[in-house]
Amino acid sequence: MAFLEISGVKKHFGPHPVLAGLNLNVDEHQVVCLIGPSGCGKSTLLRCINGLEEIDGGEIRVHGDRITGPGVNVDALRRDIGIVFQSFNLFPHMTILENVVLAPVRVLGQSRLEAQDRAMALLKRIGLEHKAKEYPDRLSGGQQQRAAIIRALSMDPQVLLLDEITSALDPELVSEVLNIVRDLAADGMTMLLATHEMGFAREVASKICFLCDGVVHEEGPPQEILGDPKKERTRGFLRRIIEAKRL
Amino acid sequence: MTTSGDKTHPSAIGASGDVALHGAVALTRTFHAGTPPRNPLPLGLVALLVTGLVVVASWATLYEVGMALEAVQAATPLAEAVLAALGLSAVALMVPAARAVRLARAAITAQAVNDLIQARVKGAESRNSSLVAMGFAGALVVVLLTVLLFVVNNLAVSRVFFYIPLISSSFWLMVKAFWINIYIFMVAEILVLIWGLVIAIARMAPGSAGRPVRMLATFYVDIFRSLPGIITIYLIGFGLPLTHLPVLKDLSQESLAIIALTLTNGAYTAEIYRAGIESIHWSQTAAARSLGLSYMQTLRYVVVPQGVRNIIPPMLNSFISLQKDTALVNVIGTIDAFNQSIIVASNNFNLSPVTTVALLFIAITIPQTRLVDRMIARDRRRMRIGGS
C-alpha cells in the first residue's frame, strides 16, 4: 500500500475538465515531480490533495485512510499535508517569525515560546534568522519563498506539496530555494512537486510524471522520462523544453 | 512632411513576401519646433489692466471696512494700521503682471534679431506670469465680494451671524452642551465598530448553512441604509419609551440616540468592513487554511487584520459623518449643542450662538479630514513603491 494513493480523481471547473480520472501513487520518502504543459492540472491536483479544492470524482487516500468526500476533517488533514505556493502567500501584516509560529500556536496549541524556539532553529538552519523580525516585503523573493517553506515545515507535515515554487523567482534566486528542497529530499521528506525545473527534477526525483489532459500520461524514473520517453506527447513536450534551452 | 506620409518603406515587404515586424508601417515624419512664437504682449497688457482694477477694488473694499469699524467704535489705531498694510500689499498683485510685460518686450526684441529660441523662452515665461497675475486677481475678487457681503447694509450679515457680545456671553454654555455631542459620538462610534464587524461577518457567512444569516444581515443593511438617519432617531427616540417594554422604556434620551445612530451607521460601517475583507486576495485565505487554521481563525488572524488596514481612510470618513450626525438628536429634544444654541438664539433673536456650534464642529472636523487626506496619500505612496 502506497503512502499516498490517488485513484480516478476528477475535477472540472465549469464544463472544462481539469483532472480526468487521474491515478498516482506516492510512497513514503519518495520525491515525485509533476511536469507538463500549463493547464494540464498539476496545481489543481496539489490543491485537491490539500483539500483546497473539492474533487468531483474518485478518491485520495493517505495511509489507506480516505481523505476526500464528506465528513473528513480538512483542518486536521492539512496539519499533516503542507503546501507551498508559487506566489509565497506569506502574511504581509506579520513578521517572518509571526508567520512561522501562527499555525503551531493556534492550531497545535504549542506555547508561544516553544514555537518561537523551534521557528528560530528552522530559520537558522536556512540562514534567515536575521530576518525573523522583518516583514515579508523587506525580503527578496527567494528569501520569502524559503520562509514560506519553513512556515509549512513548522507544522511537521508528513508530506509536502510544492506548487511551482520557483516560477515567480528571478533566475539568480532559484538555487537558494532548490537547495532547501534538496536538503529535505536527503532528509527523507515525502514530496510531490509541480515544477518546470527539469534539471532539478532529474536530480532529486524518485519518479517523474508527465501530466497531459488531466491524466498521468507517462511516468517513470527521471532518466527514462527525460532521456528516452516512450510516448509521442511526452517527446513533443521535451522537444519544446529543449528548444527553449531549459534542459 | 505630410506629402510623403503615404509612401511605404522600401523594406516593409520582405523578400519572402511576409510583412516585416519592424518598419511595416513606414511614414516619413518631421518634427516642427521652428514656428515663430505668438506675441505675448497683449496678454501681458490685459493682465496689467486686470490687476490694476482689482487693486483699486480692494482699496475701495478696505475703505468700506474702515467705515464699518468706525460705525461700531472698533476703529482702533491698530485696526487702521492693519487696513493700511493690506491696502499696500494689494499692490503686490501687479508685480507678476509688470514682469509679464517686461518679458514680453524681451521676447519681441529677441524675435527682431531672429533669436527664435530666446523669443520662445521669454514668450512662455511672459504668458506664465500673466496667467499667475490674473489667477491671483480672480481669487482676490471672490475674497473681496465675501468681505463686502459682511459689511454692506450697516454690517447686517455680521450682526446676524457673528454678533460678538452674544457669542462671548453664550460661548461656555455652547461648549458644555457640545460635550453631549462628543459623548454620544464616542459611545456610538465604539458600538458601531463592533456592530459593523458583526454584520459584515454575518453577510459573508459561508455555505448553505450561512444562507439565512447572510439574508438577514443583507436585509438589515438594506433597510438601515435607505432610512434617513433623522427618521431612525425620531422613531427610536420617541417610540421605545412608548412601548413600555422593560429596560428599553427607561433608557435616557442620550442612550436612545446612541442606539439609533449605531443602527444607522452600523449598516454603512458593515459595508466598509466587507469591502476591506473582500479586498484581501483569496490566496491569503488559501495559505491560512492550508496550515490547518479554521474558517474563523483565518478571519481573525489573517483576513480581518489585513482588511481593516485597507479601510482606515473610509472608516475615518464615516467617523466624521457620525460626528456630524450627532446634531440630529435635537429632533427628540436632547439638549445637545445645536438644541442649546437654538434656545439661546430664539431668546435673543440672533443666530450667533448657532454659528458658535458650527465653528465647534468645524474645529474638531477639519483636523480629522486632514488626517484622512494624509493617510490616503501615504497609502498611495506605499502602493507606488510596491509595498504590501
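Now for a quick tour of the structure. (Residues numbered from 1 in each chain as written. Chains lettered and ligands numbered in written order. Predicted model: local features only at pLDDT ≥ 70, side-chain atom pairs only at ≥ 80, totals over all residues. Heavy atoms only, no water.)

**Some details on helix H4 (residues 112–125) of chain A**
All names here are of chain A.
In step 1: In a regular helix each residue adds 1.5 Å, so 14 residues correspond to 20 Å; H4 covers 20 Å between its end C-alpha atoms and thus fits that length.
In step 2: Of the residues making up H4, those classed as buried are Ala 115, Ala 119, Leu 122 and Leu 123. The buried residues of H4 occupy an angular sector of 95° when the element is viewed end-on, so they sit on one face. Exposed and facing more than 90 degrees away from the buried side of H4 are Leu 113, Asp 117, Lys 124 and Arg 125.
In step 3: On the buried face of H4, the contacting elements are helix H3 (96–106) and helix H5 (141–153).
In step 4: Looking one or two places after H4, you find Gly 127, whose phi comes out positive at around 70°. (Helix = DSSP H or I, 4+ residues; strand = E, 2+ residues; numbered from the N terminus. Expected span 1.5 Å × (residues − 1). Buried < 20%, exposed > 50% of the residue type's maximum accessible area, 1.4 Å probe, protein only. Arc of directions from axis to C-beta. Contact = heavy atoms within 4.5 Å.)

**Looking at unusual backbone geometry**
In step 1: Residue Glu 164 of chain A is not a glycine yet carries a positive backbone phi of 45°.
In step 2: Within the element layout of this structure, Glu 164 of chain A appears in the loop between strand S7 (159–163) and helix H6 (174–186).
In step 3: According to the relative accessible area criterion, Glu 164 of chain A is buried, its value standing at 11%.
In step 4: Despite not being glycine, Asn 114 of chain B has its phi angle at roughly 65°, a positive value.
In step 5: Here Asn 114 of chain B is to be found in the loop between helix H3 (94–112) and helix H4 (116–161).

**Some remarks on the interface of chain B and chain A**
In step 1: Counting from both sides, the interface comprises 20 residues of chain B and, opposite them, 22 residues of chain A.
In step 2: Counting the surface chain B buries against chain A, the share from its top three residues, Ser 290, Leu 291 and Tyr 301 of chain B, is 33%.
In step 3: At the junction of chain B and chain A, the tally comes to 1 salt bridge.
In step 4: When the shortest N-O distance is used, the salt bridge between Asp 75 of chain A and Arg 289 of chain B registers 3.2 Å. (Buried area = accessible area lost by both parts, 1.4 Å probe. Salt bridge = Lys/Arg side-chain N within 4 Å of Asp/Glu carboxyl O.)

**Focus: the pattern of salt bridges**
In step 1: Counted under the stated rule, the structure contains 21 salt bridges over all chains.
In step 2: A salt bridge links Arg 125 of chain A to Asp 183 of chain A; its shortest N-O distance comes to 3.8 Å. Placement of Arg 125 of chain A in helix H4 and of Asp 183 of chain A in helix H6 is noted, with a sequence separation of 58 residues between them.
In step 3: You can call Arg 125 of chain A exposed: its relative accessible area is 55%.
In step 4: A salt bridge links Arg 203 of chain B to Glu 271 of chain B; the nearest nitrogen and oxygen atoms lie 2.5 Å apart.

**Details of the side chain of Thr 232 of chain B**
In step 1: Looking at the element boundaries, Thr 232 of chain B is found in helix H7 (residues 229–242).
In step 2: Those residues in contact with Thr 232 of chain B that lie beyond four places of it in its chain are Phe 224, Leu 227, Ala 260 and Thr 264 of chain B.

**Focus on the packing of aromatic side chains**
Describing an aromatic ring pair means giving the distance of the ring centres and the angle of the ring planes.
In step 1: This structure, assessed with the given rule, holds 7 aromatic pairs over all chains.
In step 2: Between Phe 210 of chain A and Phe 237 of chain A, the ring centres sit 5.1 Å apart and the planes meet at 40°, which makes this aromatic pair tilted. Remark: Phe 237 of chain A occurs in helix H9 (residues 232–243) and Phe 210 of chain A occurs in strand S9 (residues 207–212); sequence separation between them is 27 residues.
In step 3: Residue Phe 210 of chain A is classed as buried on the basis of its relative accessible area of 1%.
In step 4: The class for Phe 237 of chain A is buried, based on a relative accessible area of 6%.
In step 5: An angle of 80° between the planes, with centres 5.6 Å apart, marks the rings of Trp 195 of chain B and Tyr 220 of chain B as edge-to-face. Of this pair, Trp 195 of chain B sits in helix H5 (residues 164–203) while Tyr 220 of chain B sits in helix H6 (residues 211–226), placing them 25 residues apart in sequence.
In step 6: By relative accessible area, which is 31% here, Trp 195 of chain B ends up partly exposed.
In step 7: Through a chain of ring-to-ring contacts, three or more aromatic side chains come together here, namely Trp 195, Tyr 220 and Phe 224 of chain B.
In step 8: Sitting above the plane of the Phe 91 of chain A ring, Arg 151 of chain A keeps its charged end 4.5 Å from the centroid. (Phe/Tyr/Trp six-rings, centres within 6.5 Å; stacked < 30°, edge-to-face > 60°. Lys NZ or Arg CZ within 6 Å of the ring centre and 35° of its normal.)

**Observations regarding the sheet that holds strand S5 (residues 65–66) of chain A**
Residues and elements named next belong to chain A.
In step 1: Spatially, 4 strands are ordered S2-S1-S4-S5 in an open sheet, and the strand pairing comes out antiparallel. Among the strands making up the open sheet, the edge pair consists of strand S2 (16–26) and S5.
In step 2: As defined by bridge partners, strand S4 (residues 57–62) adjoins S5 across 2 bridges and the pair is classed as antiparallel. Note that in S5 the partner of Val 62 across the bridge is Asp 65. (Pairing = 2+ DSSP bridges.)

**Side note on the pairing of S2 of chain A**
Residues and elements named next belong to chain A.
In step 1: Across 8 bridges, the pairing between strand S1 (residues 4–13) and S2 is antiparallel. In the strand pairing of S2, Ile 6 is matched with Leu 24.
In step 2: Between S1 and S2, which follow one another and run antiparallel, lie 2 residues, and Gly 14 among them has a positive phi close to 65°.

**As for H6 of chain B**
Residue and element names in this part refer to chain B.
In step 1: Between its first and last C-alpha atoms H6 spans 23 Å; for 16 residues at 1.5 Å apiece the expected length is 22 Å, and the two agree.
In step 2: Considered for burial, the residues of H6 that qualify are Ala 217, Tyr 220, Val 221 and Phe 224. Buried residues of H6 fall within an arc of 95° about the axis and therefore sit on the same side. With respect to the buried face of H6, the exposed residues turned more than 90 degrees away are Pro 212, Met 215, Phe 219 and Ser 226.
In step 3: The secondary structure elements touched by the buried residues of H6 are H5, H7 and helix H8 (253–278).

**A few points about the environment of Ala 124 of chain B**
Residues and elements named next belong to chain B.
In step 1: Inspection of the secondary structure assignment puts Ala 124 in helix H4.
In step 2: Looking at Ala 124, the relative accessible area reads 40%, which means it is partly exposed.
In step 3: Between the alpha carbons of Ala 124 and Ile 164 there is a distance of 50 Å; along the sequence they are 40 residues apart.

**Structural notes on the packing of helix H1 (residues 41–71) of chain B against H3 of chain B**
Residues and elements named next belong to chain B.
In step 1: Between H1 and H3, whose axes approach to 8 Å, the crossing angle comes to 165°. Accordingly, the angle class assigned to the pair H1 and H3 is roughly antiparallel. Considering the relative orientation of H1 and H3, their crossing is left-handed. Touching Leu 41, Gly 44, Leu 45, Ala 47, Leu 48, Thr 51, Gly 52 and Val 55 of H1 are Met 94, Ala 97, Ala 98, Ala 100, Val 101, Ala 104, Arg 105 and Ile 108, all from H3.
In step 2: In terms of residue class, the contact of H1 with H3 is made up of 12 nonpolar, 3 polar and 1 charged. (Axes fitted to C-alpha atoms, helices over the stretch in contact; angles between N-to-C directions. Parallel < 35°, antiparallel > 145°, perpendicular 65-115°, else oblique. Left-handed = near helix turned anticlockwise from the far one by under 90°. Nonpolar A, V, L, I, M, F, W, Y, C, P; charged D, E, K, R; others polar.)

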